[in-house]
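Architecture at a glance
Each chain is listed here by its residues.
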Amino acid sequence: KAGVTQTPRYLIKTRGQQVTLSCSPISGHRSVSWYQQTPGQGLQFLFEYFSETQRNKGNFPGRFSGRQFSNSRSEMNVSTLELGDSALYLCASSLAPSGRVGTDTQYFGPGTRLTVL
Amino acid sequence: AQTVTQSQPEMSVQEAETVTLSCTYDTSESDYYLFWYKQPPSRQMILVIRQEAYKQQNATENRFSVNFQKAAKSFSLKISDSQLGDAAMYFCAYRSYGNKLVFGAGTILRVKS
């Protein structure tokens, strides 16, 4: 079974631009979560989607948004990019959202490295 | 808010020997999950082991085992017979029902040949 895939793997943008990152979960997985990883802040939760609905949201400004499609694929968008948005963005999928015993273990994709100049 | 603390920024181990990585967490919940993830230089986050809080028996996965002390809120990872491929950043993570995954700051593990 194929793992979680993320596209693109690398991205360079300039301040003020916007960017869209894509995540395809493992086949059969319906829950997708997004995380931002930086050397200074570590791994921080962005949001979680299940059945096209946002279930949880982290403490990020409104410039960060996401959505999930009917096939469980997810996208996250960052508008008006800032230098501090440079990070590795990780997507993780699970069979079900948090709280479902044995089915909410998250499996991660390889990440998208975003550099904002 | 739940927090996860990994007090060892970096650890070293000789190949074939055993190393233990420490993790403590803070929560008022009684039911939750704990995880260890490994992130090698490729940056791909890989699940190493998982523990349900309601289970008293410590989880094991081949050379990896945990020491789960619920009362002490401690969740350490023991790696036996260390291999060069074990070199990576290791993250301890916590998740309660219905909530997000919370990660520790990570421990860099170096394996010496």
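Just above, that's the structure.
Sequence order as written defines the numbering, with residues in each chain counted from 1. Throughout, the order in which chains and ligands are written sets their labels, letters from A for the former and numbers from 1 for the latter. For a predicted model such as this one, the threshold for reporting local features is a pLDDT of at least 70, and the threshold for listing and counting side-chain atom pairs is 80 or more; totals across whole chains, interfaces and linings nevertheless cover every residue. The basis for every side-chain value is the complete set of heavy atoms in the structure, and neither hydrogens nor water enter the calculation.

Notes on the pattern of salt bridges
Salt bridge criterion: a side-chain nitrogen from Lys or Arg within 4 Å of a carboxyl oxygen from Asp or Glu. Enumeration according to the criterion identifies 11 salt bridges over all chains in this entry. Between Arg95 of chain B and Glu48 of chain A there is a salt bridge, with the nearest N and O atoms lying 3.2 Å from each other. With Arg95 of chain B in strand E10 (residues 88-96) and Glu48 of chain A in strand E5 (residues 42-50), this residue pair bridges two chains. Note on accessibility: Arg95 of chain B and Glu48 of chain A belong to one class, buried. A salt bridge links Arg67 of chain A to Glu75 of chain A, with the nearest nitrogen and oxygen atoms 3.3 Å apart. Any residue under 20% of the maximum accessible area for its type is buried, any over 50% is exposed, and the rest in between are partly exposed; the area is computed with a 1.4 Å probe on protein chains only. Relative accessible area serves as the criterion here: at 46%, Arg67 of chain A is assigned to the partly exposed category. Helix numbers and strand numbers start at the N terminus; a helix is a DSSP run of H or I with at least 4 residues, a strand a run of E with at least 2.

Re the sheet that holds strand E7 (residues 64-68) of chain A
All names here are of chain A. Any two strands with at least two DSSP-identified bridges between them are counted as paired. Spatially, the four strands line up as an open sheet ordered E1-E3-E8-E7, and their pairing is antiparallel. In the strand order of this sheet, the two ends are held by strand E1 (5-7) and E7, each with one partner. Here the strands of the sheet are splayed against their neighbours by 20° on average, with no regard to which way each runs. For E1 and strand E3 (residues 19-24), the ladder comprises three bridges, and the chain directions are antiparallel. Residue pairing across strands places Gln6 opposite Cys23, the latter belonging to E3. Here the axes come from fitting lines to C-alpha atoms, over the contacting stretch only for helices, and the angles between their N-to-C directions go from 0 to 180 degrees.

So, the nonpolar core
Nonpolar cores are built from buried Ala, Val, Leu, Ile, Met, Phe, Trp, Tyr and Cys residues. Side-chain atoms within 4.5 Å join them into one set. Membership of the largest hydrophobic core comes to 26 residues, with the highest contact counts inside it found for Tyr25, Trp36, Phe75, Leu77, Tyr90 and Leu109 of chain B. Taken together, the elements giving at least two residues each to this core come down to strand E3 (19-21), strand E5 (32-39), strand E6 (46-52), strand E8 (64-69), strand E9 (74-79), E10 and strand E12 (107-112) of chain B. Among the elements that make up this core, the one with the highest residue count is E10 of chain B (four residues). Residue contacts follow a heavy-atom distance rule, with two residues in contact if any of their heavy atoms lie within 4.5 Å. The residues contacting Leu77 of chain B, other than those within four sequence positions of it, are Val19, Thr20, Leu21, Trp36, Val48, Ile49, Phe64, Ser65, Val66 and Tyr90 of chain B. Phe47, Val78, Leu81 and Cys91 of chain A belong to the second-largest nonpolar core, a separate cluster that totals 21 residues.

Considerations on the state of the cysteines
Residues and elements named next belong to chain A. When the sulfur atoms of two cysteines come within 2.5 Å, that pair is taken as a disulfide. One pass over the structure, following the stated rule, counts two disulfides over all chains. Covalently, Cys23 is tied to Cys91 through a disulfide, its sulfur atoms 1.7 Å apart. Torsion about the S-S bond of the Cys23 and Cys91 cystine: about -55°, corresponding to left-handed handedness. On the criterion of sequence distance, the pair formed by Cys23 in strand E3 and Cys91 in strand E9 (residues 87-94) is long-range, its members being 68 residues apart. Note on Cys91: relative accessible area 0%, which makes it buried.

Re the interface of chain A and chain B
If you look at the interface, chain A gives 22 residues, while chain B gives 19 residues. Joining two parts hides part of their accessible area as seen by a 1.4 Å probe, and the buried area is that hidden amount summed over both. Surface buried jointly by chain A and chain B totals about 1,800 Å² across both partners, of which 51% is contributed by carbon and sulfur atoms. If you look at where chain A meets chain B, you find one salt bridge. Any pair of N or O atoms that falls within 3.5 Å is considered a polar contact. Within protein, one atom must be able to donate a hydrogen and the other to accept it, and sequence-neighbouring residues count only if both atoms are side-chain atoms. For the pair chain A and chain B, the number of links is six residue pairs in polar contact (both at pLDDT 80 or more). At the level of elements, strand E4 (31-38), E5, E9 and strand E10 (107-108) of chain A are the ones that each hand at least two residues to the side of chain A that touches chain B. In terms of residue count, the dominant contributor to the side of chain A that touches chain B is E5 of chain A (three residues). Classifying every residue of the side of chain A that touches chain B by side-chain character gives 10 nonpolar, eight polar and four charged. Each residue receives one of three labels: charged for Asp, Glu, Lys and Arg, nonpolar for Ala, Val, Leu, Ile, Met, Phe, Trp, Tyr, Cys and Pro, and polar for the others, Gly being one of them.

The values reported here are purely geometric and, on their own, carry no functional implication.
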